[in-house]
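Report on the structure
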Amino acid sequence: KQEVTQIPAALSVPEGENLVLNCSFTDSAIYNLQWFRQDPGKGLTSLLLIQSSQREQTSGRLNASLDKSSGRSTLYIAASQPGDSATYLCAVRYYGNNRLAFGKGNQVVVIP
Amino acid sequence: SQTIHQWPATLVQPVGSPLSLECTVEGTSNPNLYWYRQAAGRGLQLLFYSVGIGQISSEVPQNLSASRPQDRQFILSSKKLLLSDSGFYLCAWSVSGGFFDEQFFGPGTRLTVL
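Before going into details, it helps to say that this report is about the structure given with it. Computed from a prediction, not measured in an experiment: that's the story for all the values here. (Residues numbered from 1 in each chain as written. Chains lettered and ligands numbered in written order. Predicted model: local features only at pLDDT ≥ 70, side-chain atom pairs only at ≥ 80, totals over all residues. Heavy atoms only, no water.)

The next point concerns the overall build of chain B. Helix and strand content of chain B: zero helices and 11 strands. The N-to-C order of helical and strand elements in chain B reads β-β-β-β-β-β-β-β-β-β-β. Expected size for 114 residues packed as a compact globule is a radius of gyration near 13 Å; at 13 Å, chain B falls within 12% of this value. Among the 114 residues that make up chain B, the fraction classed as buried is 50%. Considering only contacts in chain B between residues 6 or more positions apart, those separated by 24 or more positions represent 56%. With an accessible surface of roughly 5,200 Å², chain B has 54% of that area assigned to carbon and sulfur atoms. Mean positive and mean negative side-chain charge positions of chain B (7 and 7 charges, respectively) differ by 12 Å. (Helix = DSSP H or I, 4+ residues; strand = E, 2+ residues; numbered from the N terminus. Rg over C-alpha atoms; globule rule 2.2 N^0.38 Å. Buried < 20%, exposed > 50% of the residue type's maximum accessible area, 1.4 Å probe, protein only. Contact = heavy atoms within 4.5 Å. Areas by Shrake-Rupley, 256 points an atom, 1.4 Å probe, with all protein chains shown as cover. Lys, Arg positive; Asp, Glu negative; His and termini not counted. Charge placed at Lys NZ, Arg CZ, Asp CG, Glu CD.)

Set out below in structure tokens:
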């Protein structure tokens, strides 16, 4: 079964600290991996898309890495701000599958 | 630029009533379209996807149906709602032929069935 796991479900960090969010997947035959942000009651905002041939992607303070051999992706958010408080979702596209497999998300609170 | 709209934003319906949720995409042609449901404590679940007008694929058996009457319009329907249909419904799109490309989501519809 192609599962995606995000642990912990919730975390709090003081403002200014770097955020590290982990996403684990059970099948290394992935096509790509996408990180999303979701604010309460809102839709998903795409943050980064990493193709299976890539090791990392960067956008501003965000950096996402991909290690297929260990079945892991990590989202780094540098110098966290209260505005970074949200739920972060990881989604994996596997070869031969039309669907994105989503994790349940990491709910992040950045404390001023 | 591309935008995706969903309405209504919130909906409260009694059990047994019909449902129609609408999603439209602007700024692109022949997109792939998707309906997801997000239930409390669960991850997002893909319900339907469409690669073109009138072409619908269902991912899970359920009380819902989908239709695509126009290129950039995707509709989620039910004839009789169940309590278990409550949830947050999200529409998404990706570029034509791009199942493996980035997906972009709409603002969602919060459905409560009483």
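This part covers the interface of chain B and chain A. If you look at the interface, chain B gives 21 residues, while chain A gives 22 residues. The junction of chain B with chain A conceals about 1,700 Å² of combined surface from both sides, 53% of it contributed by carbon and sulfur atoms. One can count zero salt bridges joining chain B with chain A. Among the secondary structure elements, those contributing two or more residues to the side of chain B that touches chain A are β4 (32–38), β5 (44–52) and β9 (87–94) of chain B. Considering only residue class, the side of chain B that touches chain A consists of 11 nonpolar, five polar and five charged. (Buried area = accessible area lost by both parts, 1.4 Å probe. Salt bridge = Lys/Arg side-chain N within 4 Å of Asp/Glu carboxyl O. Nonpolar A, V, L, I, M, F, W, Y, C, P; charged D, E, K, R; others polar.)

Inspection of the entire model under this criterion finds nine aromatic pairs over all chains. Their ring planes at 85° and their centres at 5.7 Å tell us that phenylalanine 102 of chain A and tyrosine 36 of chain B sit as a pair that is edge-to-face. Remark: tyrosine 36 of chain B occurs in strand β4 and phenylalanine 102 of chain A occurs in strand β10 (residues 100–102); the pair is interchain, linking two chains. Just as phenylalanine 102 of chain A is buried, tyrosine 36 of chain B falls in that class too. Ring geometry for tyrosine 36 of chain B versus phenylalanine 105 of chain B: centroids 5.2 Å apart, planes at 40°, classification tilted. (Phe/Tyr/Trp six-rings, centres within 6.5 Å; stacked < 30°, edge-to-face > 60°.)

Before going further, it helps to examine the nonpolar core. Membership of the largest hydrophobic core comes to 25 residues, with the highest contact counts inside it found for Leu19, Leu21, Leu33, Trp35, Leu75, Tyr88 and Val92 of chain A. Sorting the residues of this core by element identifies β2 (10–14), β3 (19–25), β4 (30–38), β5 (44–51), β7 (62–67), β8 (72–77), β9 (86–94) and β11 (106–111) of chain A as the ones contributing at least two each. With five residues, β9 of chain A is the largest single contributor of residues to this core. Apart from the residues within four sequence positions on either side, leucine 21 of chain A is in contact with Leu11, Trp35, Ser73, Thr74, Leu75, Tyr88, Asn106 and Val108 of chain A. Residues Leu33, Trp35, Leu76 and Val113 of chain B belong to the second largest nonpolar core, which totals 21 residues. (Core = buried A, V, L, I, M, F, W, Y, C linked by side-chain atoms within 4.5 Å.)

The subject of this paragraph is the sheet that holds strand β1 (residues 4–5) of chain A. Residue and element names in this part refer to chain A. Ordered by their spatial adjacency, five strands build an open sheet running β1-β3-β8-β7-β6, and the pairing between neighbours is antiparallel. Edge positions in the sheet fall to β1 and β6 (56–59), since each has one partner strand and no second. In this structure, β7 lies alongside β8, joined through six bridges in antiparallel fashion. The partner of serine 65 across the bridge, within β8, is threonine 74. (Pairing = 2+ DSSP bridges.)

All names here are of chain A. All chains considered together, the criterion is met by two disulfides over all chains. Put simply, cysteine 23 and cysteine 90 are joined by a disulfide, and their sulfur atoms are 2.0 Å apart. Of note, the bridge from cysteine 23 to cysteine 90 carries an S-S torsion of about -60° and is left-handed in sense. Taken together, the residues cysteine 23 in strand β3 and cysteine 90 in strand β9 connect sequence positions 67 residues apart. Just as cysteine 23 is buried, cysteine 90 falls in that class too. (Disulfide = S-S within 2.5 Å.)

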